[in-house]
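An overview of the molecular structure
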Amino acid sequence: LSGDCTSTRIREDLLNNHGTLIIIAILFAAFCVAGSPLRSFAGERCTYEIAVGAGSSLHGGLASRQILIAPALVKPMQNTPSLQLRLEGNIEIIHYDGSITALAGAAPMVRVFLSPGLDRGIFIEGGVGINVKSRRTVGSRALGGPLIFSPSAGVGYAFPGRRGPAILSIRYRHISNAGIYSENS
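Everything in this summary refers to the structure shown in the same document.

Conventions and cut-offs
Residues numbered from 1 in each chain as written. Predicted model: local features only at pLDDT ≥ 70, side-chain atom pairs only at ≥ 80, totals over all residues. Heavy atoms only, no water. Helix = DSSP H or I, 4+ residues; strand = E, 2+ residues; numbered from the N terminus. Contact = heavy atoms within 4.5 Å. Areas by Shrake-Rupley, 256 points an atom, 1.4 Å probe, with all protein chains shown as cover. Salt bridge = Lys/Arg side-chain N within 4 Å of Asp/Glu carboxyl O. Buried < 20%, exposed > 50% of the residue type's maximum accessible area, 1.4 Å probe, protein only. Phe/Tyr/Trp six-rings, centres within 6.5 Å; stacked < 30°, edge-to-face > 60°. Lys NZ or Arg CZ within 6 Å of the ring centre and 35° of its normal. Patch = residues over 30% accessible without salt bridge, like charges linked within 9 Å, V, L, I, M, F, W, Y side chains within 5 Å. 1 Å grid on protein atoms, 1.4 Å probe; cavity = no way out; pocket = protein on both sides within 12 Å on 5 of 7 lines; lining within 4 Å. Points joined across faces, edges and corners; volume = space filled by probe spheres on them. Nonpolar A, V, L, I, M, F, W, Y, C, P; charged D, E, K, R; others polar.

Take the overall build of the protein chain next. A tally of helices and strands in the protein chain yields two helices and ten strands. Listing each helix as α and each strand as β along the protein chain from the N terminus yields α-α-β-β-β-β-β-β-β-β-β-β. A fraction of 51% describes how many contacts in the protein chain between residues 6 or more apart in sequence connect residues 24 or more apart. Accessible surface computed for the protein chain: about 10700 Å², of which carbon and sulfur atoms make up 64%.

In structure tokens:
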């Protein structure tokens, strides 16, 4: 298929999948309301970040592509600046064989900078999220009901900047229904 035919199929699939549109609209509205630059988190100030990423499936035989948008509220620990608690939202679009599947959810995360006392430089991060999805299958893989979990771990580097850090990172994210549904291929 040509690029134009494929993009038209994807656009039509996205617009005709009401679950996808509802998930995207709800999450977008929630983060627009909650996402001003400074927010209170447990009575203390925190910052707001947004990340954009792209990826592909590491599952053998499933050649999907993903795009992820992840806004986050970040709370640095007052006495330990090298430790951050994060609440990340996410909208993920998975493209496989001309079909679109959308995921939306949230994940509590922990980020630890390897230089004690600093909130810049090399860091490691991890957490587990819960998501809803617009389809019960991706390709021939049956994923069960609407809920799935997304444990993730990553490493990155935060470059200092005038308005906050610029961050470059890589993250491994596993998506699973954790056996709560009988379908789990």
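The structure having been displayed, the exposition proceeds.
Our focus in this paragraph is the pattern of salt bridges. Overall, the coordinates contain eight salt bridges when judged by the stated rule. The salt bridge involving Arg111 is made with Glu49; its shortest N-O contact spans 4.0 Å. Of this pair, Arg111 sits in strand E5 (residues 99-113) while Glu49 is found in strand E2 (residues 44-56), placing the two residues 62 residues apart along the sequence. Of the residues examined, Arg111 reaches a relative accessible area of 3% and is grouped as buried. Between Asp119 and Arg120 there is a salt bridge, with its nearest N and O atoms 3.1 Å apart. Under the relative-accessibility criterion, Asp119 is labelled partly exposed at 29%. On the basis of relative accessibility, which here comes to 26%, the residue Arg120 falls in the partly exposed class.

Another point: the packing of aromatic side chains. Aromatic ring pairs are defined here through the distance separating the ring centres and the angle between the ring planes. Taken as a whole, this structure holds two aromatic pairs when the rule is applied. Cation over ring: Arg111 sits above Phe123, and NZ or CZ is 4.1 Å from the ring centre.

Among the surface-exposed residues, Leu85, Val110, Val112, Leu114, Ile122, Ile124, Val155, Tyr157, Phe159, Leu168 and Ile170 lie close enough to one another that they form a single nonpolar patch of about 940 Å² accessible area. Breaking the nonpolar patch down by element, the ones donating at least two residues are E5, strand E6 (121-133), strand E9 (147-159) and strand E10 (166-173). In terms of residues, the nonpolar patch owes the most to one element, E9, which gives three residues. In this structure, Tyr157 sits in strand E9. Residue Tyr157 is classed as partly exposed on the basis of its relative accessible area of 34%.

A few words now on empty space enclosed by the protein. Taken as a whole and judged by the stated rule, the model has one cavity of 30 Å³ or more. Its boundaries defined by the atoms lining it, the largest cavity holds a volume of some 90 Å³. Lining the largest cavity, in full, are Leu68, Ala70, Glu88, Gly89, Asn90, Ala107, Met109, Ser150, Ser152, Arg171 and Arg173. If you list the elements that add at least two residues to the lining of the largest cavity, you get strand E3 (65-77), strand E4 (80-96), E5, E9 and E10. The dominant element in the lining of the largest cavity, judged by the number of residues it contributes, is E4, at three residues. Residue classes in the lining of the largest cavity are distributed as four nonpolar, four polar and three charged.

Its volume calculated, the largest pocket comes out at about 1300 Å³. Lining the largest pocket are 49 residues; nearest its centre among them are Gly53, Ala54, Leu68, Arg171 and Arg173. Elements with a minimum of two residues in the lining of the largest pocket: E2, E3, E4, E5, E6 and E10. It is E2 that provides the largest number of residues to the lining of the largest pocket, a total of ten residues. A breakdown of the residues in the lining of the largest pocket according to their chemical character gives 23 nonpolar, 15 polar and eleven charged.

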